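# Reading the structure
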Amino acid sequence: MPVRDRGVVVTGAGHGIGRALATRLAAGGARVVVNDLDAEAARWVAEAIGGIAAPGDAAGEQGVAALVETAREHLGGIDIWFGNAGVDRGRGLDAGEADWAAGHEVNVMAHVRAARLLVPAWVERGAGRFVVTASAAGLLTTLGNPVYAVSKHACVAFAEWLSATYRHRGVVVQAICPQGVRTRMLDRSGPLRELISRDGALTPEEVAEATWQALHDDRFLVLPHPQVADYYRHRATGTDRWLDGMNRLQRQLDDEGAR
């Protein structure tokens, strides 16, 4: 599906992966609506790439509806939706109710709400693309943060469901699942930073380029870190061995924290 002249929305595009995606898509000729809660950042990115700023909430029901309406007004129609906005809240079993609610709202329900508004029109015309920024955590897990691990698994699961249900109707669904990426989220990861970056921390631009390539072959899993495919196979075919390995890593983190 060519990107040139397509109407594209990127949520969470004021920083990090979202900004890199918006920049790469605009360079490829797309007409890009830039969304972010950080209104100043959204406007700055939009101005830099020749896009349209649409700051605001991209998770709540009213916020998603307003974003879709605004994007349609500016673009005429939405061809591609990049659900990139995400949150990383809470740690361990101490993560509170508000952390779990925020993780579910932004990392899962934002995609559900966008799909409700977008997919029927795409099915009617036989074309559309829905791309979520998940994480390798959504295929594997992540230590330290159950909210992120669980909500990103749900994000991937919803994307899988969309693909299985609508791919014969012309709707392409893709899930971007990187490991460590040099973003503010990685900077806040503390002792997990080294573990998350064990296969190298990519730049947001490298993730955007891997995604750009994937737009041209419609693969469901976009894996900027190719090693994730092997980890995913090991998890599926040797689950207990894989969990033992993850637990060894957790024990190392525990030992380091006790020093």
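The notes below deal with the structure included here.

Parameters at a glance
- Residues numbered from 1 in each chain as written.
- Predicted model: local features only at pLDDT ≥ 70, side-chain atom pairs only at ≥ 80, totals over all residues.
- Heavy atoms only, no water.
- Axes fitted to C-alpha atoms, helices over the stretch in contact; angles between N-to-C directions.
- Helix = DSSP H or I, 4+ residues; strand = E, 2+ residues; numbered from the N terminus.
- Parallel < 35°, antiparallel > 145°, perpendicular 65-115°, else oblique.
- Left-handed = near helix turned anticlockwise from the far one by under 90°.
- Contact = heavy atoms within 4.5 Å.
- Nonpolar A, V, L, I, M, F, W, Y, C, P; charged D, E, K, R; others polar.
- Salt bridge = Lys/Arg side-chain N within 4 Å of Asp/Glu carboxyl O.
- Buried < 20%, exposed > 50% of the residue type's maximum accessible area, 1.4 Å probe, protein only.
- 1 Å grid on protein atoms, 1.4 Å probe; cavity = no way out; pocket = protein on both sides within 12 Å on 5 of 7 lines; lining within 4 Å.
- Points joined across faces, edges and corners; volume = space filled by probe spheres on them.
- Pairing = 2+ DSSP bridges.
- Polar contact = N/O pair within 3.5 Å; in protein donor to acceptor, adjacent residues only side chain to side chain.

### Some words on the packing of helix 1 (residues 16–27) against helix 8 (residues 204–214)
Helix 8 packs onto helix 1 with a crossing angle of 50 degrees between their chain directions and a minimal axis gap of 8 Å. In this view, helix 1 runs oblique relative to helix 8, as classed from their interaxial angle. The interaxial crossing formed by helix 1 with helix 8 has right-handed handedness. When helix 1 is examined against helix 8, the residues Gly-16, Ile-17, Ala-20, Leu-21, Arg-24 and Leu-25 are found in contact with a partner set consisting of Pro-204, Glu-205, Val-207, Ala-208, Glu-209, Thr-211 and Trp-212. Its residues assigned to classes, the contact of helix 1 with helix 8 comprises eight nonpolar, two polar and three charged.

### Quick notes on the pattern of salt bridges
Applying the stated criterion across every chain yields a total of eight salt bridges. Arg-125 is paired through a salt bridge with Asp-79; the nearest N and O atoms lie 2.7 Å apart. With Arg-125 in helix 4 (residues 97–125) and Asp-79 in the loop between helix 3 (61–75) and strand 4 (80–83), the pair connects residues that are 46 residues apart, well separated along the chain. Among the residues examined, Arg-125 registers a relative accessible area of 44% and is labelled partly exposed. The salt bridge involving Arg-233 is made with Asp-230; its shortest N-O contact spans 2.3 Å. In this pair, Arg-233 and Asp-230 both sit in helix 9 (residues 227–237), three residues apart, roughly one turn of the helix. With a relative accessible area of 37%, Asp-230 lands in the partly exposed category.

### Regarding empty space enclosed by the protein
It is the rolling of a water-molecule-sized probe over the atoms that shows where space remains empty. Counted under the stated rule, the structure contains one cavity of 30 Å³ or more. Approximately 30 Å³ is the volume found for the largest cavity. Looking at the largest cavity, the residues that line it are Thr-11, Ala-58, Trp-81, Gly-83, Ala-85, Val-106, Ala-110 and His-111. Of all the secondary structure elements, the ones that give two or more residues to the lining of the largest cavity are strand 4 and helix 4. Per-element accounting of the lining of the largest cavity gives the leading share, three residues, to helix 4. Its residues assigned to classes, the lining of the largest cavity shows five nonpolar, three polar and no charged.

### So, the sheet that holds strand 7 (residues 221–222)
The seven strands lie next to each other as 3-2-1-4-5-6-7, forming an open sheet whose pairing is parallel. Each of the sheet's edge strands pairs with one partner strand only, and the pair in question is strand 3 (52–53) and strand 7. As defined by bridge partners, strand 4 adjoins strand 5 (residues 128–133) across four bridges and the pair is classed as parallel. Counted as the bridge partner of Ile-80 is Arg-129 from strand 5.

### Let's talk about the side chain of Asp-36
Residue placement: Asp-36 occurs in the loop between strand 2 (31–34) and helix 2 (39–49). For Asp-36, the side chain forms a polar contact with the main-chain nitrogen of Asp-38, separated by 2.8 Å. Dropping the residues within four chain positions of it, Asp-36 is found in contact with Gly-12, Ala-13, Gly-14, His-15, Ala-42, Ala-54, Pro-55 and Gly-56.

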